[in-house]
Amino acid sequence: MTKRVMILATDGFEQSELEKPKANLEKAGIATEVVSLEEGMIRGWKDKDWGDAIKVDKTVDEVANCEGYDALLLPGGQMNPDILRMNERAIALVREFGMAGKPVAAICHAPWLLAEAGLIDGKTVTGWPSIRTDLKNAGANVVDQEVATDGNLITSRNPDDIPAFSKALIDMLGESVARDQLEAA
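Before going into details, it helps to say that this report is about the structure given with it. Being a predicted model, the structure only gives us computed values, none of them experimental. (Residues numbered from 1 in each chain as written. Predicted model: local features only at pLDDT ≥ 70, side-chain atom pairs only at ≥ 80, totals over all residues. Heavy atoms only, no water.)

Spatial ordering of the open sheet is given by β2-β4-β5, a layout of 3 strands whose pairing is mixed. Where the open sheet ends on each side, the last strands, each with one partner, are β2 (13-14) and β5 (49-55). Pairing of strand β4 (residues 41-46) with β5, which is carried by 5 bridges, proceeds in the antiparallel orientation. Within β5, the position partnered with I42 by the bridge is I54. (Pairing = 2+ DSSP bridges. Helix = DSSP H or I, 4+ residues; strand = E, 2+ residues; numbered from the N terminus.)

The following block contains the structure:
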C-alpha cells in the first residue's frame with residue numbers, strides 16, 4: 001500500500017522547502033497531499049518575493065484527524081509557520097501526528113509549530129538560527145546540523161539541508177531512494 005504524507009502549509013511557505021521534499025517523496029513512491037487553512041491555491045515565497053502558487057488538496061477543517069496519513073511534512077519560510085501556529089486546528093493536527101508517533105518533519109522556521117504543539121520538550125531538534133532560542137525555551141536540546149532526528153521528529157535548518165531532510169523522512173517511512181537522486185534547493 002502506498003504511503004501518504006500530509007504537507008501542512010499556507011501562504012508564505014518557502015518555495016523550495018515545500019516543492020523539493022514533495023518531489024523527493026513522490027520520487028520514492030510516496031503520495032503527498034497539501035493541506036492548508038483555505039481551499040484554492042497558496043503562494044510560496046522565493047528570493048525575497050512571492051513565488052509560485054500550489055494547489056491545496058484539502059483544508060484543515062476537511063481533515064478529521066491524522067488517520068490515513070503516514071507522516072506530516074512542515075515546510076518553513078518565516079510567514080507560513082507563523083500564520084499556522086495561530087490556527088488551533090493546524091496545531092491540533094501537528095500535535096495529533098506527534099502523539100500518534102507518526103513521523104513529523106519540520107524544516108527552517110517550521111519547528112515553531114512543534115514548539116506550539118508541545119512536542120519538543122526534552123527532544124533534540126534544529127531549525128533556522130533565529131528560532132533556536134524559542135526552541136530552547138520550549139525545552140528542546142537545540143543542535144546545529146543538517147538534520148536532527150529524535151524519535152518520530154525530523155528537523156532541518158534551511159534549504160541547503162533538503163536532500164538530508166528528505167532522505168531522513170523517506171527512510172523513516174521505510175522507503176528508499178539514493179541521496180544523489182534527491183532534489184536540492
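The rest of the description comes next.
Summarising the element assignment, G127 is placed in the loop between β9 (124-125) and α5 (132-137). With 100 residues separating them along the chain, G127 and K27 place their C-alpha atoms 25 Å apart. In this structure G127 touches C108, P111, R132, L135, S156 and R157, once residues within four positions along its chain are discounted. (Contact = heavy atoms within 4.5 Å.)

Right, let's talk about the side chain of R157 for a bit. When you line up the elements, R157 lands in the loop between β12 (153-156) and α6 (162-172). In terms of polar contacts, R157 uses its side chain to reach the side chain of D144, at 3.0 Å. Among the polar contacts listed, one links the side chain of R157 to the backbone oxygen of Q145, at a separation of 3.3 Å. With sequence-adjacent residues up to four places away left out, R157 is seen in contact with I107, C108, T126, G127, W128, R132, D144, Q145 and E146. (Polar contact = N/O pair within 3.5 Å; in protein donor to acceptor, adjacent residues only side chain to side chain.)

The subject of this paragraph is the sheet that holds strand β1 (residues 4-8). Taken in spatial order, the 7 strands of this open sheet run β6-β3-β1-β7-β8-β12-β11, and their pairing is mixed. Unpaired on one side and paired on the other, β6 (58-59) and β11 (148-150) mark the two borders of the sheet. Pairing analysis gives 2 bridges linking strand β3 (residues 31-36) to β6, with the strands arranged parallel. Its bridge partner being in β6, S36 is matched across the sheet by T59.

One finds M6, L8, L72, L74, V94 and L114 to be the most contacted residues of the largest nonpolar core, which totals 30 residues. Those elements that place two or more of their residues in this core are β1, β7 (71-74), α3 (88-99), β8 (104-107) and α4 (111-116). Counting residues per element, this core draws most heavily on α3, at 5 residues. What L72 contacts, discounting residues up to four positions off in sequence, is V5, M6, L8, V94, F97, P103, V104 and A105. L18, A168, I170 and L173 belong to the second largest nonpolar core, which has 25 residues in total. (Core = buried A, V, L, I, M, F, W, Y, C linked by side-chain atoms within 4.5 Å. Buried < 20%, exposed > 50% of the residue type's maximum accessible area, 1.4 Å probe, protein only.)

Next up on the list: α6. With 8 of its 11 residues buried, α6 lies for the most part within the structure. Three or more residues of α6 are buried, namely I162, P163, A164, F165, S166, A168, L169 and I170. Residues of α6 that are buried in the fold lie against α1 (15-27), β7, β8, β11 and β12. One or two residues past the end of α6 sits G174, with phi positive at roughly 80°.

Turning our eyes to something else, we now look at unusual backbone geometry. Notably, D47 is not glycine yet its phi reads approximately 50°, a positive angle. By relative accessible area, D47 is classed as exposed at 68%. At C108, a residue that is not glycine, the phi angle is positive and equals roughly 65°. Here C108 is to be found in the loop between β8 and α4.

Next up on the list: the pattern of salt bridges. Pairing between side chains of opposite charge can happen when the charged atoms of each approach one another. Enumeration over the complete set of coordinates arrives at 8 salt bridges. The salt bridge involving E26 is made with K22; its shortest N-O contact spans 2.7 Å. With E26 and K22 both in helix α1 and 4 residues apart, the pair spans about one turn of that helix. Put simply, E33 and K58 hold a salt bridge, and the shortest N to O gap is 3.7 Å. With E33 in strand β3 and K58 in strand β6, this residue pair connects regions lying 25 residues apart in the sequence. Taking the relative accessible area as the measure of exposure, E33 reaches 12% and is therefore buried. (Salt bridge = Lys/Arg side-chain N within 4 Å of Asp/Glu carboxyl O.)

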